[in-house]
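# Structure at a glance
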Amino acid sequence: MVAAEKALIRAGVLDDAARAAYASAYRPDRETGGGLGSMDTAMAGAQLFEVVVAGAVVARYALRLDRHENGVEMVVVAAAGGVSGVDLTASVVPTIETQGKGAGADRVTLRTRRAGLVRKLKKQGWVLDAYCMGKTIK
């Protein structure tokens, strides 16, 4: 793949390939809900998208709108994939923000355990809203 290749965003479907890709976002080392939720529950009502570079699907993401008393939040429910030589955070996150505006969202949020992703998002103007700590109790 060539780094200058532009990513195309298109509507996605939850077929077997997509299900396998999204499952990687719910691995124990990436999952952000302490194992209490499931991919299917989190993705219920979400819009699915595919990122295509050079004709191949290289990543997928799912967005859900949550309506609150004081506004609308677009939540990145899951994101998975990547391609060598292409910074998908730099090329796809602006599209997600534009999708949020187009859907009437007041903000976009996501949860991650990846410090590198946090650093990249901060460079794009995102801010750390809170720390989320968890402990399994028995």
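Below or above, wherever it landed, is the structure these notes cover. Please read all numbers here as calculations on a predicted model, not as lab measurements. Position numbers for residues count from 1 along each chain, tracking the sequence in the order it is written. For this predicted model, a pLDDT threshold of at least 70 governs which residues receive local features, and a threshold of 80 or more governs which side-chain atom pairs are given and counted, while totals over whole chains, interfaces and linings are taken from all residues. Hydrogen atoms and water are omitted, and side-chain values are computed over all heavy atoms in the structure.

### Thoughts on the overall build of the protein
Going along the chain from the N terminus, every DSSP run of H or I of four or more residues is numbered as a helix, and every run of E of two or more is numbered as a strand. Summing up its helical and strand segments, the protein has 4 helices and 5 strands in all. Secondary structure elements of the protein, listed N to C terminal, follow the sequence β-α-α-β-β-β-α-β-α. For 138 residues, the compact-globule estimate of 2.2 N^0.38 gives 14 Å, and the C-alpha radius of gyration of the protein, at 15 Å, lies within 12% of that figure. Summary of the burial criterion: residues with accessible area below 20% of their type's maximum are buried, those above 50% are exposed, and those between are partly exposed, where the area comes from a 1.4 Å probe applied to protein chains only. Each of the 138 residues in the protein was classed as buried or not, and the buried ones make up 34%. Should any heavy atoms of two residues lie within 4.5 Å, those residues are considered in contact. Of all intrachain contacts in the protein linking residues separated by at least 6 positions in sequence, the fraction that spans at least 24 positions is 60%. The method behind every accessible area is Shrake-Rupley, applied with a 1.4 Å probe, and residues are considered shielded solely by the protein chains displayed. For the protein, the exposed area adds up to about 8,900 Å²; of that, 54% sits on carbon and sulfur atoms. This count recognises Lys and Arg as positive and Asp and Glu as negative, with His and chain-terminal groups excluded. In plain terms, the charge of a residue is placed at NZ if it is Lys, CZ if Arg, CG if Asp and CD if Glu. Side chains of the protein carry 19 positive and 14 negative charges; the gap between the two charge centres is 7 Å. It is over C-alpha atoms that the radius of gyration is taken, and the globule rule equals 2.2 Å times the number of residues to the power 0.38.

### A look at helix 3 (residues 88–102)
Expected span of a helix, by definition, is 1.5 Å for each gap between consecutive residues, and there is one gap fewer than residues. Here helix 3 spans 21 Å end to end across 15 residues, near enough to the 21 Å set by a 1.5 Å rise per residue. Restricting attention to buried positions, one finds in helix 3 the residues L88, T89, V92, V93, I96, Q99 and G100. Projected down its long axis, helix 3 carries its buried residues within an arc of 115°, all on one side. Residues of helix 3 that are exposed and angled more than 90 degrees away from the buried face: T98, K101 and G102. On its buried side, helix 3 packs onto strand 1 (8–11), strand 2 (47–53), strand 3 (56–68), strand 4 (71–81), strand 5 (107–110) and helix 4 (115–123). Backbone nitrogen of T89 and a side-chain oxygen of the N-cap are separated by 3.0 Å at the start of helix 3; the cap is D87. The arc under discussion is defined with respect to the helix axis, by the directions toward the C-beta atoms. Nitrogen and oxygen atoms within 3.5 Å of one another constitute a polar contact, given that in protein one can donate a hydrogen and the other can accept it, and given that sequence-neighbouring residues count only through two side-chain atoms.

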